[in-house]
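Observations on the model geometry
The primary structure of each chain is shown beneath.
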Amino acid sequence: MGFFKKKLALFWSSVHDTKENQWIQNPIESQNKWFSELILKGCKTQFGKDHSFSAINSIKDFQDLVSISDYENLKPYLESVKNGEEDVLWPGKPLYLAKTSGTTSGTKYIPITKDSVPFHIDGAKSALLHYIHKRKNADFVNGKMIFIQGSPELEEVNGIKVGRLSGISAHFVPQYLQKNRLPSWETNCIEDWETKIDQIIDETVHQNMSLISGIPPWLVMYFEKLVEKTGKSVSSLFPNLQLLVTGGVNYKPYEEKIEELIGKKLDIIQTYPASEGFIAFQDNVDSDDLLLMVNHGIFYEFIPAEEIGKKNPIRLTLNEVELNKDYAIILTTNAGLWAYEIGDLVRFVSKNPYKILVSGRTKHFTSAFGEHVISYEVEDAIKEAVENTQTVVQEFTLAPQVTPKEGLPYHEWFIEFEKMPDDINLFAKKLDSALRCRNTYYNDLITGKILQPLKISLIRKNGFNDYMKEIGKLGGQNKLPRLSNDRKIADKLTKYLL
């Protein structure tokens, strides 16, 4: 504990005196500095030569010369990187390729370079240290800590190590946390997700757990199996459990279920890591917003939600964004991604400092009738609908029903309840009302009798897990989309109806 306190003291002297405080207090200056550094490095690459980086003297020059890209746009360069070529997108070769699942591009390989990897690690470290400073409590370092993550086993392709981001990150857990870290290396390397969770339970059920980390669906699966095996709440099994660290998806829709399984409220740190970079973290456990990391190897641009999909969308820099508007987030990074759209929508809730909420995915929305409902709105609506009731929602998704057998079109919500509402029709009315309050276009469609109010289709217990298993996406970094603009998922879910 003495070592950790010393480390904490050193960190917070740096926060208040030097680097950390500077980027929080001077975000635009930090962004401008990073822009210049990234362009300077990019001049030495094939991408930089192809896009006339030597002629870039301003952000506008960059925006004129470099179009918004996604994985498909950069694929020729990324294939060259994967083939072992040097100086393609960033000087030299990347240390790692983070393997991710794409809906349109199949498996994607995102570079992580010698320059970018420290920022992935520093992001997670900063989240924990900010928490300790806020709570004035580092007791969790005395207990066991579990990081539920992908396999740390990496393959090598043309001199570059390849694996899942969470598996790559497992190689960088600080030494002072290693001594209390679970599960074992052998268990972490298990690929089958259900087998892995069972083995993690065997290794942790009798331990003094103090910190548990993983994306919310993993945590639910782990906690459910613990309760099922022992007949006890998680807090009874782990009385010293102090902290959950989550990321990957919004925690709020899982909050009630996780709290029920644990048996009490815990402190939660939400993070926003991506294979493309560590973007933000919750620096205050009493507020859900995330501090945007503006001095960590990334130059940010933002496309207003209404501009998404246009040939030449408006591209805003940090000092041009507005509060409470949704933007597609665009990254230029020291891993060699240039004006890269990662597919997330963010909403600024503070500009001093810059803080965000992840509000959805650019490709995950429902707008069959022009309403453009996004994840943040449906997650917030269902949270309101379950408040002050005994209802517990396990998982959900929704899709438009454009051609019903009778009546007007509607939104169809597929919901798996842990605890059913006493009156499902009343619950549906509350849910519809909550969504209408959050999306004026949807409200107008209901009022104008273009749509009828939403309908709920009940999914049987573990139905969503079975669906994800059927399509080969149970566990790992895979996430169930909250909403769709077609019936592809909805049609497959019919076999899992209650």
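Calculation rules
Residues numbered from 1 in each chain as written. Predicted model: local features only at pLDDT ≥ 70, side-chain atom pairs only at ≥ 80, totals over all residues. Heavy atoms only, no water. Helix = DSSP H or I, 4+ residues; strand = E, 2+ residues; numbered from the N terminus. Buried < 20%, exposed > 50% of the residue type's maximum accessible area, 1.4 Å probe, protein only. Contact = heavy atoms within 4.5 Å. Areas by Shrake-Rupley, 256 points an atom, 1.4 Å probe, with all protein chains shown as cover. Pairing = 2+ DSSP bridges. Salt bridge = Lys/Arg side-chain N within 4 Å of Asp/Glu carboxyl O. Polar contact = N/O pair within 3.5 Å; in protein donor to acceptor, adjacent residues only side chain to side chain. Phe/Tyr/Trp six-rings, centres within 6.5 Å; stacked < 30°, edge-to-face > 60°. Lys NZ or Arg CZ within 6 Å of the ring centre and 35° of its normal. Expected span 1.5 Å × (residues − 1). Arc of directions from axis to C-beta.

**What about the overall build of the protein chain?**
Scanning the protein chain from terminus to terminus reveals 19 helices and 20 strands. C-alpha extents for the protein chain along the principal axes are approximately 65 × 55 × 45 Å. A burial count over the protein chain gives 55% of its 498 residues as buried. For the protein chain, restricting intrachain contacts to residue pairs at least 6 apart in sequence, the fraction spanning at least 24 positions comes to 67%. As displayed, the protein chain has an accessible area near 21,900 Å², and 48% of this comes from carbon and sulfur atoms.

**With respect to the sheet that holds strand β13 (residues 326–333)**
Strands pair in a sheet through their backbones, by hydrogen bonds, and they do so in one of two ways: parallel or antiparallel. Taken in spatial order, the 11 strands line up as β6-β3-β7-β8-β9-β10-β11-β15-β14-β13-β12 in an open sheet, and their pairing is mixed. The sheet terminates laterally at β6 (181–182) and β12 (298–304), the two strands that pair on one side only. Bridge count for strand β11 (residues 290–292) against strand β15 (residues 354–361) is 2 bridges, and the pairing is antiparallel. Following the sheet pairing, Leu 291 is matched in β15 by Lys 355.

**Thoughts on the pattern of salt bridges**
Per the counting criterion, the structure on display carries 31 salt bridges. A salt bridge links Arg 135 to Asp 286, with the shortest nitrogen-to-oxygen separation between them at 3.5 Å. Here Arg 135 is found in helix α7 (residues 117–135), whereas its partner Asp 286 is found in the loop between β10 (277–281) and β11, with 151 residues between them in sequence. Owing to a relative accessible area of 30%, Arg 135 belongs among the partly exposed residues under this scheme.

**As for the pairing of strand β19 (residues 410–419)**
Among the 10 residues that make up β19, 8 are buried, leaving the element largely enclosed by the rest of the structure. Strand direction decides the pairing type here: strand β18 (residues 392–401) and β19, joined by 9 bridges, are antiparallel. Note that in β19 the partner of Pro 400 across the bridge is His 411. Two elements, β19 and strand β20 (residues 455–458), share 4 bridges in a ladder whose sense is parallel. Bridge pairing in β20 places Glu 412 opposite Lys 455.

**Considering the side chain of Arg 487**
Following the sequence through the fold, Arg 487 ends up in the loop between α18 (463–470) and α19 (488–493). At a separation of 3.4 Å, a polar atom in the side chain of Arg 487 contacts the main-chain carbonyl oxygen of Pro 400. Apart from the residues lying within four places of it in its own chain, the contact partners of Arg 487 are Ala 399, Pro 400, Gln 401, Glu 412 and Phe 414.

**A closer look at unusual backbone geometry**
It is generally the case that most residues other than glycine have a negative phi and that most peptide bonds are trans. Backbone torsion omega between Leu 182 and Pro 183 reads -5°, so that peptide bond is classified as cis. As for its position among the elements, Pro 183 is in the loop between β6 and α10 (185–188). Cis peptide bonds are those with omega within 30 degrees of zero, and the linkage from Asn 352 to Pro 353 qualifies with 0°. Along the chain, Pro 353 falls in the loop between β14 (340–351) and β15. You will see that Ala 339, though not glycine, has its phi angle at about 50°, which is positive. Mapped onto the elements of the fold, Ala 339 is located in the loop between β13 and β14. On the accessibility criterion, Ala 339 (0% relative accessible area) is buried. A positive phi is found at Lys 449, a non-glycine position, where the angle reads about 60°. Overall, Lys 449 belongs to the exposed group, its relative accessible area being 63%.

**Observations concerning the packing of aromatic side chains**
If you walk through the whole model with that rule in mind, you get 21 aromatic pairs. Between the aromatic rings of Phe 35 and Phe 299, the centroid separation amounts to 5.0 Å while the plane-to-plane angle is 55°, which identifies the pairing as tilted. In this pair, Phe 35 sits in helix α3 (residues 27–42) while Phe 299 sits in strand β12, placing the two residues 264 residues apart along the sequence. Across the pair, exposure class does not vary: Phe 35 and Phe 299 are buried alike. With a centroid separation of 6.3 Å and 35° between ring planes, the pair formed by Trp 90 and Trp 338 is classed as tilted. Of this pair, Trp 90 sits in the loop between α6 (71–82) and β1 (96–101) while Trp 338 sits in the loop between β13 and β14; the two residues are 248 residues apart in sequence, bridging distant segments of the chain. In this pair, the class of Trp 90 matches that of Trp 338, namely buried. Put simply, the rings of Phe 35, Phe 47, Phe 53, Phe 62, Tyr 77, Trp 90, Phe 299 and Trp 338 touch in pairs and so form one group of aromatic residues. Positioned above the aromatic ring of Tyr 109 is the side chain of Lys 82, whose terminal nitrogen or guanidinium carbon lies 3.9 Å from the ring centre. The ring of Tyr 410 carries Lys 455 above its face, with NZ or CZ at 5.4 Å from the centroid.

**Looking at α3**
With 16 residues, α3 should reach 22 Å at 1.5 Å per residue; the first-to-last C-alpha distance of 22 Å fits that figure. Looking at α3, one finds that the buried residues are Pro 27, Ser 30, Gln 31, Trp 34, Phe 35, Leu 38, Ile 39 and Gly 42. Buried residues in α3, looked at end-on, bunch into an arc of 160°, giving them a common side. Every exposed residue of α3 that faces more than 90 degrees away from the buried side is listed here: Glu 29 and Leu 40.

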